[in-house]
Amino acid sequence: MAIQKLEHPMFDYQKKTSSSKEFMNEAAQVMPGGVTANIKYFEPYPIVMKYGKGAKLIDMDNQEYIDYLMSYGSLVTGHGHNEVKKAVIEQMERDGTWLFGTPHSLEVEMGKRLQQHFPSMELLRYTNSGTEATLLALRIAAAHTGKHKIAKFEGHYHGGYDQMLVSVSPPVHQAGDPESPESLPDSKGMSTSHLRNTIVLPFNDAKACKRILHEHKDEIGAVMIEPIQAGFIPADPSFLKGLRQVTEELGMVLIFDEVKTGYRTCLGGAQHIYDVKPDLTTLGKAIGGGYPIGVVGGKKEIMMHSSPVEGADVFDSSQTKSGTAKDVLFHSGTYNGHPMILAAGMAVIDILERELESTLRKTEQLKTGMNELLKKYKVKGQTVGTGSIFSVVLSNMKIRNYRDLQKTDLATRKELDFSLFRKGIYMKPVNRYSVSTAHTKEDIENTLDAFEKALQEVYGGSRF
Ligand SMILES: Cc1ncc(COP(=O)(O)O)c(C=O)c1O
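Residues numbered from 1 in each chain as written. Predicted model: local features only at pLDDT ≥ 70, side-chain atom pairs only at ≥ 80, totals over all residues. Heavy atoms only, no water.

- Looking up the chain in an unreviewed UniProt entry gives the name Glutamate-1-semialdehyde 2,1-aminomutase, with the organism given as Alteribacillus iranensis.
- Word for word, the UniProt comment on the chain under Sequence similarities (unreviewed entry) is "Belongs to the class-III pyridoxal-phosphate-dependent aminotransferase family."
- The UniProt entry for the chain carries the following text under Cofactor (unreviewed entry): "pyridoxal 5'-phosphate". (UniProt positions renumbered as here; feature names shortened; annotations may be inferred.)

Topic: the overall build of the chain
And then number 1: When its secondary structure is counted, the chain shows 14 helices and 16 strands.
And then number 2: Along the first, second and third principal axes, the C-alpha set of the chain runs to 75 × 55 × 45 Å.
And then number 3: Here the chain holds 464 residues, and the buried ones make up 54% of them.
And then number 4: Contacts in the chain between residues at least 24 apart in sequence constitute 69% of all its contacts with a sequence separation of at least 6. (Helix = DSSP H or I, 4+ residues; strand = E, 2+ residues; numbered from the N terminus. Buried < 20%, exposed > 50% of the residue type's maximum accessible area, 1.4 Å probe, protein only. Contact = heavy atoms within 4.5 Å.)

Some thoughts on unusual backbone geometry
And then number 1: Cis geometry is found at the peptide bond from Glu-43 to Pro-44, where omega equals 0°.
And then number 2: Mapped onto the elements, Pro-44 comes out in the loop between helix 2 (18–27) and strand 1 (49–53).
And then number 3: In this structure, Met-70 takes a positive phi of about 45° despite not being glycine.
And then number 4: By the element assignment, Met-70 lies in the loop between strand 3 (64–67) and helix 3 (82–95).

Remarks on the packing of helix 11 (residues 339–376) against helix 14 (residues 441–459)
And then number 1: Relative to each other, helix 11 and helix 14 sit at 20°, their axes nearing to 10 Å. The angle between helix 11 and helix 14 falls in the class roughly parallel. Remark: the crossing between helix 11 and helix 14 carries right-handed chirality. Taken together, the residues of helix 14 that come into contact with helix 11 (itself represented by Lys-362, Gln-365, Leu-366, Gly-369, Met-370, Leu-373, Leu-374 and Lys-376) are Lys-441, Ile-444, Thr-447, Leu-448, Phe-451, Glu-452 and Leu-455.
And then number 2: Along the lines of polarity and charge, the residues of the contact of helix 11 with helix 14 split into eight nonpolar, three polar and four charged. (Axes fitted to C-alpha atoms, helices over the stretch in contact; angles between N-to-C directions. Parallel < 35°, antiparallel > 145°, perpendicular 65-115°, else oblique. Left-handed = near helix turned anticlockwise from the far one by under 90°. Nonpolar A, V, L, I, M, F, W, Y, C, P; charged D, E, K, R; others polar.)

Overview of the sheet that holds strand 15 (residues 425–426)
Adjacent strands of a sheet pair through backbone hydrogen bonds, lying either parallel or antiparallel.
And then number 1: The four strands are arranged 1-2-3-15 in an open sheet whose pairing can be described as mixed. Single-partner strands in this sheet number two, and they are strand 1 and strand 15.
And then number 2: For strand 2 (residues 56–59) and strand 3, the ladder comprises three bridges, and the chain directions are antiparallel. Bridge pairing in strand 3 places Leu-57 opposite Tyr-65. (Pairing = 2+ DSSP bridges.)

Examining the nonpolar core
And then number 1: Judged by nonpolar contacts, the single largest core of 39 residues is most densely connected at Tyr-68, Leu-366, Met-370, Tyr-426, Tyr-433, Phe-451 and Leu-455.
And then number 2: Elements represented by at least two residues in this core include exactly strand 3, helix 11, strand 14 (389–393), helix 13 (410–422), strand 15 and helix 14. (Core = buried A, V, L, I, M, F, W, Y, C linked by side-chain atoms within 4.5 Å.)

Side note on the sheet that holds strand 5 (residues 149–153)
And then number 1: Sheet architecture is open: seven strands sit in the order 4-12-11-10-7-5-6, paired in mixed fashion. A single partner strand is all that each edge strand has here, and the edge strands are strand 4 (123–127) and strand 6 (198–201). When the angles between neighbouring strand axes are averaged without regard to direction, this sheet yields 20°.
And then number 2: Bridging between strand 5 and strand 6 involves four bridges; their strand directions are parallel. Opposite Ile-150, over in strand 6, you have Thr-198 as the bridge partner.
And then number 3: Here helix 4 (residues 105–117) sits on the sheet in contact with strand 4, strand 11 (280–283) and strand 12 (294–298), set at roughly 120° to strand 4.

Points about the pattern of salt bridges
And then number 1: On inspection of all chains with the given rule, the structure shows 24 salt bridges.
And then number 2: Between Lys-299 and Asp-279 there is a salt bridge, and its shortest N-O distance comes to 2.8 Å. One end of the pair, Lys-299, is in the loop between strand 12 and helix 10 (300–303); the other, Asp-279, is in the loop between helix 9 (269–274) and strand 11, and 20 residues separate them in sequence.
And then number 3: You can call Lys-299 partly exposed: its relative accessible area is 27%.
And then number 4: Relative accessible area serves as the criterion here: at 4%, Asp-279 is assigned to the buried category.
And then number 5: For Glu-445, the salt bridge is made with Lys-441, and the minimal N-O distance between the two is 3.5 Å. Residue Glu-445 and its partner Lys-441 are located together in helix 14, separated by four residues, close to a single helical turn. (Salt bridge = Lys/Arg side-chain N within 4 Å of Asp/Glu carboxyl O.)

Focus on the side chain of Gln-229
And then number 1: Relative to the helices and strands, Gln-229 resides in strand 8 (residues 228–229).
And then number 2: Gln-229 gets classed as buried once you look at its relative accessible area, which sits at 2%.
And then number 3: Beyond its immediate chain neighbours, meaning those up to four positions away, Gln-229 contacts Glu-154, Gly-155, His-156, Phe-203, Asn-401 and Tyr-402.

Quick notes on the site of the ligand
And then number 1: Near the ligand the following residues occur: Ser-129, Gly-130, Thr-131, Tyr-157, His-158, Gly-159, Glu-226, Asp-257, Val-259, Lys-260 and Lys-285.
And then number 2: In this structure, Tyr-157 approaches the ligand through a main-chain N or O atom, which is 3.4 Å from a nitrogen atom.
And then number 3: Measuring from a nitrogen atom of the ligand, one finds a side-chain N or O atom of Asp-257 at 2.6 Å.
And then number 4: For the ligand, whose free accessible area comes to 390 Å², the fraction covered by protein is 83%. (Near = heavy atom within 4 Å. Polar contact = N/O pair within 3.5 Å; in protein donor to acceptor, adjacent residues only side chain to side chain. Areas by Shrake-Rupley, 256 points an atom, 1.4 Å probe, with all protein chains shown as cover.)

Examining the environment of Leu-420
And then number 1: With respect to the secondary-structure elements, Leu-420 resides in helix 13.
And then number 2: Taking relative accessible area as the criterion, Leu-420 reaches 1% and is therefore assigned buried.
And then number 3: A sequence separation of 34 residues divides Leu-420 from Ala-454, and the C-alpha atoms of the two residues are 6.0 Å apart.
And then number 4: If near-sequence neighbours (up to four positions away) are discounted, Leu-420 is found in contact with Ile-425, Tyr-433, Ala-450, Phe-451 and Ala-454.

A short note on the packing of aromatic side chains
And then number 1: Counted according to the given criterion, the structure contains 13 aromatic pairs.
And then number 2: Plain terms: the ring middles of Tyr-13 and Tyr-45 are 5.2 Å apart, the flat faces sit at 40° to each other, and that makes the pair tilted. Here Tyr-13 is found in helix 1 (residues 13–16), whereas its partner Tyr-45 is found in the loop between helix 2 and strand 1, with 32 residues between them in sequence.
And then number 3: Each residue in the set Tyr-13, Phe-42, Tyr-45, Tyr-65, Phe-418, Phe-421 and Tyr-426 is aromatic and connected to the rest through ring pairs, giving one cluster. (Phe/Tyr/Trp six-rings, centres within 6.5 Å; stacked < 30°, edge-to-face > 60°.)

Next up, the structure:
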């Protein structure tokens, strides 16, 4: 097929999204770059949405999209699900308030439901985001082991704080030997001390990981991993099992960060699929179905470090029985275990217990269709991912880690995504697809139709 690329990948983007452009100019007068989270930004400016329902979003120019960003995977039941909405309203009407500032029954009810699906979480705590969950998990691990260095994997994201914002998306030419990756900062303003305390490991390289962990065995207290990198690049089963073994041998707390994979691979997350039990697990995103939440759970003996019973309260020294506040692990938060959010969370579990299977089947149908189209148009590409998340990767090589992904054709993937915008398919360019219970068979068929046209448009043939 003759290659006849677009003159410019976004040749009518600005025309079709002029209201978004206008809005973003105004927003830039209020917030740096016009956004309140950098992830919401992309060049030349993001599309601004004004309405969402089910699997659909409508932008400021009244164009409709089938949404596959699903707010970075958190909207696992889609936009504005009636059952979730009803659960939130009922909680407020039943309880009179949406915030007690005391323990309450939903904390326990939701916790028990989470424990059914994640039996490794013998005890758990709630936070308000995935970031707070991973932060707390690291503190608990350090309290347990007395060792303060941490190990993470190149290309893995665990939240935007200095300790973990290391080698998430490093320039490959600066990232060093693939078997001994450098610790590189992902933000301006970070102290270099964190780079010394955060050791970077190569994903899916068991031998190199074992060597590095042994080299730092007296310093590293915790190893945190996305068992499925970025939600779509799978760990080799033997790699995860090996990591479990070596961390156990060296007395390091193994933390599975399942903020992306929780509920999305299956209700029990990647740990269920791989049959590997971490010491601690962090959850977020889909657990709240679009409401802000994080969870840390794990082995009782480790989680008990956060128990205040018989301990000191940093805000109230009169309660101290066993010593000073530093004898207790500090964990607090005005909104932790917010009743309204837990009510939403329980409705999400109800919906997924009924509908996750069919959502996974729809995702498979979408992936299979895309793979067939890539083949039909002789495009070097594939879908990569399990469960209800995947990405379209423009390369035929097996993708095993961050560096492999950098070798794929990311520039054309971006063109493809802009072409899909024009055909009513939305996701942040070069991001992964997250399918929800709200996506219908018709949405999947329409997406495949749009994908075929986008391939024709980007790789050659007619313009539409
Ligand atoms: C694996 C993982 N951990 C932690 C986080 C941080 O979660 P949040 O954005 O809710 O703070 C994210 C967010 O994308 C994530 O994907």
